[in-house]
Amino acid sequence: QVNFVVCQLFALLAAVWFRTYLHSSKTSPFVRHVVATLLGLYLALFCFGWYALHFVIQSGISYYIMIIIGVENMHKYCFVFALGYLTVCQITRVYIFDYGQYSADFSGPMMIITQKITSLAFEIHDGMFRKNEDLTPSQRCLAVRRMPSLLEYLSYNCNFMGILAGPLCSYKDYITFIEGRSYQLQQSEANGKEDTKYEQTDPSPNIAVAQKLLICGLSLFFHMTITKTLPVEYNIDDNFRATASWPVRFFYLYVSLMAARPKYYFAWTLADAINNAAGFGFRGYDKNGVTRWDLISNLRIQQIEFSTSFKMFLDNWNIQTALWLKRYLFPKGNFSP
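Residues numbered from 1 in each chain as written. Predicted model: local features only at pLDDT ≥ 70, side-chain atom pairs only at ≥ 80, totals over all residues. Heavy atoms only, no water.

Before going further, it helps to examine the packing of aromatic side chains. Summed over all chains, the structure comprises 24 aromatic pairs. Ring geometry for phenylalanine 48 and phenylalanine 55: centres 5.9 Å apart, planes at 80°, overall edge-to-face. The buried category is assigned to phenylalanine 48, whose relative accessible area is 9%. Among the residues examined, phenylalanine 55 registers a relative accessible area of 0% and is labelled buried. Through a chain of ring-to-ring contacts, the aromatic side chains of Phe18, Tyr156, Phe160, Tyr171, Tyr174, Phe177 and Phe280 assemble into a single cluster. One Lys or Arg, arginine 32, reaches over the ring of phenylalanine 177 and ends 5.0 Å from the middle of that ring. Here the guanidinium or amino end of lysine 116 rests over the ring plane of tyrosine 156, the centre of that ring lying 5.3 Å away. (Phe/Tyr/Trp six-rings, centres within 6.5 Å; stacked < 30°, edge-to-face > 60°. Buried < 20%, exposed > 50% of the residue type's maximum accessible area, 1.4 Å probe, protein only. Lys NZ or Arg CZ within 6 Å of the ring centre and 35° of its normal.)

As structure tokens, this is what we get:
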């Protein structure tokens with residue numbers, strides 16, 4: 001956990017440097033891809049040691065599958081391989097490497113990479129094989145019309161901004177960010193003129209980053225204080241279960257789990273802030289003209305804590321994974337999707 005926090009704080013500083021000195025207006029997409037990839041692999045190596053090779057192996061074999069299988073069926077083979085490789089790593093981590101003792105859980109980042117591998121394979125299949133009229137508006141928007149290079153593929157999967165905690169993003173959004181087209185695209189979409197070009201500078205993410213870092217600090221403080229007072233493990237304490245009444249046990253379960261959630265608020269909000277600090281995550285402007293930096297946000301804390309239904313909770317918790325399920329898995333089911 002200390003390694004994770006240290007690496008994420010380093011990634012935050014690297015993101016500021018990346019946006020300042022390797023801005024798309026100052027350097028080529030090639031350099032930005034190379035630096036983002038090398039920094040990401042360095043952080044993975046620092047955090048997980050040689051287990052970080054799994055990230056490169058999984059990505060490399062998936063890319064090879066895409067090349068040799070072709071666009072017609074590669075999405076199926078990539079899905080089976082990537083999810084199968086992740087499953088094997090999960091099983092061996094638990095039963096061979098002793099999950100209770102081995103704290104550096106390398107399977108966490110692999111979950112994000114698996115989502116990226118499978119989503120990109122579906123997007124390439126939609127963009128290069130299926131007819132445009134057969135696609136839904138969402139699929140048409142995300143469809144990838146050319147095969148990415150190996151460098152672009154590794155950069156998308158293993159960049160320093162998302163290697164440790166994500167969140168998942170679409171390949172097209174990532175490439176437009178690297179190439180410096182995200183601001184122009186968001187502006188032209190808002191005006192309904194896709195060919196319009198703008199010479200204005202990118203909007204500053206500083207306020208959004210500062211707000212998210214403040215949330216991180218509050219979440220970490222809440223987690224370090226309240227969670228120590230109300231440990232989740234106490235729910236299964238034999239003496240507590242034998243002596244406490246059912247309403248007391250129910251209330252403690254609710255409060256202790258509520259106290260455990262800020263750990264995820266901290267990790268996901270910090271990951272979002274890192275991407276924003278690099279200039280990634282700009283969605284456009286709201287009706288009041290305020291910049292929106294929630295393109296790849298993974299949660300909405302207020303809606304979670306005050307949700308009025310289970311669906312509302314799910315819609316605002318781990319948002320990008322829910323979108324992955326909605327876009328690439330549920331619609332593909334031949335029966336009972």
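Attention now moves to the nonpolar core. Formed by 64 residues in total, the largest nonpolar core has its most connected members in Phe18, Phe55, Phe160, Ile163, Tyr174 and Phe177. Of the domains in this structure, domain 1 (1-191) and domain 2 (205-299) are the two that each give at least three residues to this core. If near-sequence neighbours (up to four positions away) are discounted, phenylalanine 160 is found in contact with Ala11, Ala14, Ala15, Phe18, Ala36, Leu39, Gly40 and Leu43. Among the nonpolar cores identified, the runner-up in size contains five residues, and Tyr265, Trp268, Ile304 and Trp317 belong to it. (Core = buried A, V, L, I, M, F, W, Y, C linked by side-chain atoms within 4.5 Å. Domains from an automatic or database assignment. Contact = heavy atoms within 4.5 Å.)

One pass over the structure, following the stated rule, counts eight salt bridges. Where arginine 181 meets glutamate 179, a salt bridge forms, and the shortest distance between an N and an O atom there is 2.9 Å. Judged by its relative accessible area of 34%, arginine 181 is partly exposed. Aspartate 294 is paired through a salt bridge with arginine 292; the nearest N and O atoms lie 3.3 Å apart. On the basis of relative accessible area, aspartate 294 is assigned to the partly exposed category, the value being 27%. (Salt bridge = Lys/Arg side-chain N within 4 Å of Asp/Glu carboxyl O.)

When the pLDDT values of the chain are averaged, the result is 89; 91% of them are 70 or greater. Mean pLDDT in the chain bottoms out at helix H9 (residues 182-191), which sits at 54, and peaks at helix H7 (residues 150-158), which reaches 97. A low-confidence stretch, residues 190-200 stays under pLDDT 50, and its non-local contacts, those more than four residues away or across chains, total nine contacts. (pLDDT = per-residue confidence, 0-100. Helix = DSSP H or I, 4+ residues; strand = E, 2+ residues; numbered from the N terminus.)

A word on the UniProt feature "transmembrane region" (unreviewed entry) in the chain. UniProt's entry tags residues 34-57 and 77-96 with the feature "transmembrane region" (unreviewed entry), counted in the numbering of this structure. Span residues 34-57 is 83% helix and 0% strand, its end C-alpha atoms 18 Å apart. Overall, residues 77-96 shows 95% helix and 0% strand. The separation of its end C-alpha atoms is 27 Å. (UniProt positions renumbered as here; feature names shortened; annotations may be inferred.)

So, on to the packing of helix H4 (residues 74-95) against helix H5 (residues 107-128). The description of two packed helices rests on the angle between their axes and on the distance between the axes. At a minimum axis distance of 8 Å, the contact between H4 and H5 shows a crossing angle of 175°. One way to sum up the angle between H4 and H5 is to call them roughly antiparallel. Taking contact as the criterion, the partners of Met74, His75, Cys78, Phe79, Ala82, Leu83, Tyr85, Leu86, Cys89, Gln90 and Arg93 in H4 are, on H5, Ser107, Met110, Met111, Thr114, Ile117, Thr118, Ala121, Phe122, Ile124 and His125. In the contact of H4 with H5, the residues fall into 14 nonpolar, six polar and one charged. (Axes fitted to C-alpha atoms, helices over the stretch in contact; angles between N-to-C directions. Parallel < 35°, antiparallel > 145°, perpendicular 65-115°, else oblique. Nonpolar A, V, L, I, M, F, W, Y, C, P; charged D, E, K, R; others polar.)

Given a rise of 1.5 Å per residue, 20 residues ought to cover 28 Å, and the 28 Å separating the end C-alpha atoms of helix H1 (residues 2-21) matches this to within 8%. All buried positions along H1 are accounted for by Cys7, Gln8, Ala11, Leu12, Ala14, Ala15 and Phe18. Those residues of H1 that are buried are in contact with helix H2 (29-48), helix H8 (171-178), helix H10 (206-229) and helix H13 (262-277). (Expected span 1.5 Å × (residues − 1).)

So, about H4. Given 3.6 residues per turn, any residue in an α-helix points the same way as the ones three and four places further on. Here H4 spans 31 Å end to end across 22 residues, near enough to the 32 Å set by a 1.5 Å rise per residue. Considered for burial, the residues of H4 that qualify are Met74, His75, Cys78, Phe81, Ala82, Tyr85, Leu86, Cys89 and Arg93. Down the axis of H4, the buried side of the element spans an arc of 140°, and every buried residue falls inside it. Structural note: H4 exposes Lys76, Val80, Val88 and Tyr95 on the side pointing more than 90 degrees away from its buried face. For H4, the secondary structure elements touched by its buried residues are helix H3 (53-69) and H5. (Arc of directions from axis to C-beta.)

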